[in-house]
Every structure is written in C-alpha cells, then in structure tokens.
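# A structural walkthrough
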Amino acid sequence: MGLEEKAAIIFNATFVHPANFYLSGFSNIPHVTYYYVFLCFVFIMTVLGNGLLLSVIYMIKTLHTPKYMIVFNLAFTDLCGSTALIPKLLDTFLFDRRYIVYEACLSYMFFVLLLASVQSWTLVTMAYDRFIAICFPLRYHSIVTKPAIAAMLLFTWIFLSSLVAFTVGIIDRLSFCGSVVVKSFFCDHAPVYRLACNDSSLNNIMAYVAFIIVLCCPLILIAITYVCISIALSRIASTEERLKAMKTCTSHLFLVAIFFLPVVGTNIAAVASYIHPNARIINSSLTHTIPALLNPIVYSLKTEEVLNSIRKLCKRYRLSNFTSSKKVNTSSRLY
C-alpha cells in the first residue's frame, strides 16, 4: 500500500472539525443596525406578551382546560424560541462577535430548529381542537381531555427532539476543510452542512425529511381538518351559528398563514430559482420572530376568556393592595 493510499484512508477516517464558524449575516445592507434594533424591540414585546399569557393561564384555574394547555405550550415554545435565537443574534451582529465555537454552533442549531418544529406541530394540535369542537361538538369534552392533549404534546416534544437531535448530530460526521463562513444569521442547518468537504448526502436527505415532517405534514393535516370543518359548517342552518364557529377558526388560520407561508415560499423560491441571500435571511429571521410576537395577541390576549381572567387578576391585585394598606393604617393608629 502506497503512501497516497494510506493518507487517503487516514483522511476518510478522520473528521476535521473547525474550532469556530463565522456567521456572515447580511452583506452590504446600509443601516442594518436599525433592523437589529427592531428585532430587539420584537424580542422585548414577545417576552412581555407570552410571559403575561403564561402567567394568566397558570394563575387562573378556569383556564386549566385542554384548549389552554395547547395555548400554554405554544406560548412557552414562542418564548423559548425567541430567547434561543434573538439575544445571540444581537450579540453576534450588534457587538460584532461573529465567530462561534463549533459545539456551541450545533447546540444553537438544535434549540432553534427544535422550538420552531414544536411550534409547527402545536398549530396542528390547535387545528385538531377546532376540528373536534365544530365537527363533534357533543363529544368534544369526552374526546379532547387533559390526558389526551398532554399525551399528544408530550409525543410531539419527544419525537421532534429525536428527529432534530439526529439531524444535527450527523453533522458531526462531516469534515470542514475549506470555508467556515456560514451564510446565515444563525447556525442554520443547510448553510452549515453545505460547507463540508466530504460526503453530505445523508445530511441532504435528512434536510428533506425534516422539511416534510416539520412543514409539509402539518400543512396537509391542517388543510384536511379545515376541509372537514368547512363541510360541517355548510350543514349548519343558522347563519349566526356558522359565523360564530368560523370566528373561532380565523385567528388560528392567521397564525398558520404567518408561520408557514414565508418558510414554504422561501424554500420553493430557493429550489425553483435564485433567491438573494439577504432576502432569504430577512425572510427567515422574520419567520422565526414575528409569529412568536403575534401568537399571544391574535389567538389569546384578545379573547373574552383571557381578558376576563386578566381583569380578575387585576381586581385580586387591587384588593390585596387595599387590604394590606388598610392593615398598615390600622396598625399605625394603634401605635
């Protein structure tokens, strides 16, 4: 065996991992700092909105229902997803710390992709809740129970964690002997594995599998549920009841549209024709951040149940403040 053959065997058996990746972000966009400041504002409002919603659902016992278990899970993933992405993004680009350690890059990728995937399937669970409520209203409380919803959400977390962990984990078998410049605003899956200098066909296959499971399957399932809902609504004689039922679906459909359409549109554009990296990055960053901001406002904080619960909490807070101040005044008089 010659020296060249030995060197080839050693090279193929050894995985070359870089110490750092470099996140390139946007290229040649004037005043891009304003965009990062905008994302900072989005993050603050997301934390406030989702934090308020989580607190209200946790503190008001009347909201401890299967429907609000799903809403709680969505608010939790929105909050965690924004926290996993935006602070690091701001630190990277506002303070020009674009180099990220290899292991940290993979962890970053795992959490961002996992939380986005859970958001996707939580929207499917919401569609299932609306489907049962409209198509089988008399059996709703026997089908949509707390244990059933808890099992669905738990399975979603476990399955998607396994899928994303495998998808991210097989990057470790790649060698990076050329460029380490990731053309994205975070350690995105495709821009990272495409930098590899050895065979990345398995990673490419898993990218398509993840795309189908995380985006295509949820969209198909949601579409099927709304076809069934439309058929059920067409059989309702009363126009008032029909409008009332449709009103409960419009908020969910809006969330589905703002979450899925930009991602699916970008991926179709990338496959069908050329899309500028800056356009892809802007679209991707807004897709990861704007739905998390709008979800609590559109779906929950404007509903009568949640607004009444917030009023109850405010009354309870005022009453406790009034009682405590009265006690202080009484004790001061005694002395």
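Below or above, wherever it landed, is the structure these notes cover. Residue numbers restart at each chain and count upward from 1, following the sequence in its written direction. Confidence filtering applies because this is a predicted model: local features only for residues at pLDDT of at least 70, side-chain atom pairs given and counted only at 80 or more, and all residues used for totals across whole chains, interfaces and linings. Heavy atoms from the whole structure form the basis of all side-chain values; hydrogens and water molecules are not counted.

## Some points on the pattern of salt bridges
Should a side-chain nitrogen of Lys or Arg be within 4 Å of a carboxyl oxygen of Asp or Glu, the pair is scored as a salt bridge. Inspection of every chain in the model, using the stated rule, returns four salt bridges. A salt bridge links Arg-97 to Asp-91, with the nearest nitrogen and oxygen atoms 2.5 Å apart. The exposure class of Arg-97 is partly exposed, given its relative accessible area of 48%. Between Arg-130 and Asp-129 there is a salt bridge; the shortest N-O distance is 2.8 Å. We note that Arg-130, like Asp-129, is buried. It is possible to trace a salt-bridge network through shared partners that takes in Lys-88, Asp-91 and Arg-97. Only protein chains enter the calculation, and the probe is 1.4 Å; a residue is then buried if its accessible area is under 20% of its type maximum, exposed if over 50%, and partly exposed in between.

## Here we look at a nonpolar patch on the surface
A patch is a set of surface residues, each over 30% in relative accessible area and not in a salt bridge, joined within 9 Å for like charges and within 5 Å for the nonpolar side chains Val, Leu, Ile, Met, Phe, Trp and Tyr. Surface accessibility follows the Shrake-Rupley procedure with a 1.4 Å probe radius. Residue values consider only the protein chains on display as shielding. A cluster of nonpolar side chains, contributed by Phe-38, Phe-41, Ile-44, Met-45 and Leu-48, occupies part of the molecular surface with about 470 Å² of accessible area. A run of DSSP states H or I qualifies as a helix once it reaches four residues; a run of E qualifies as a strand once it reaches two. Both are numbered from the N-terminal end. Relative to the elements of secondary structure, Phe-38 occurs in helix α2 (residues 33-59).

## Describing the packing of aromatic side chains
We call Phe, Tyr and Trp rings a pair once their centres come within 6.5 Å, taking the six-membered ring for Trp, and we label the pair stacked below 30 degrees between planes, edge-to-face above 60, and tilted otherwise. Counted by the stated rule, this structure contains 14 aromatic pairs. With 5.0 Å between their ring centres and 80° between their planes, Phe-259 and Phe-260 make a pair best called edge-to-face. Accessibility expressed as a relative area gives 0% for Phe-260, which makes it buried.

## Description of the packing of helix α4 (residues 102-135) against helix α6 (residues 146-169)
With their axes 9 Å apart at the nearest point, α4 and α6 run at an angle of 150° to one another. Classified by chirality, the crossing of α6 by α4 is right-handed. Of the residues in α6, those in contact with Leu-106, Met-109, Phe-110, Leu-113, Leu-114, Leu-115, Ser-117, Val-118, Trp-121, Thr-125 and Tyr-128 of α4 are Ile-149, Met-152, Leu-153, Thr-156, Trp-157, Leu-160, Ser-161, Val-164, Ala-165 and Val-168. Lys, Arg, Asp and Glu make up the charged group, whereas Ala, Val, Leu, Ile, Met, Phe, Trp, Tyr, Cys and Pro make up the nonpolar group; the residues left over, Gly among them, are polar. Of the residues belonging to the contact of α4 with α6, the class tally is 17 nonpolar, four polar and no charged. A fitted line through C-alpha atoms serves as each axis, taken over the contacting stretch for helices, and the angle formed by two N-to-C directions is quoted from 0 to 180°. With the far helix as reference, a near helix turned anticlockwise by less than a right angle produces a left-handed crossing, and one turned clockwise produces a right-handed crossing. Residue contacts follow a heavy-atom distance rule, with two residues in contact if any of their heavy atoms lie within 4.5 Å.

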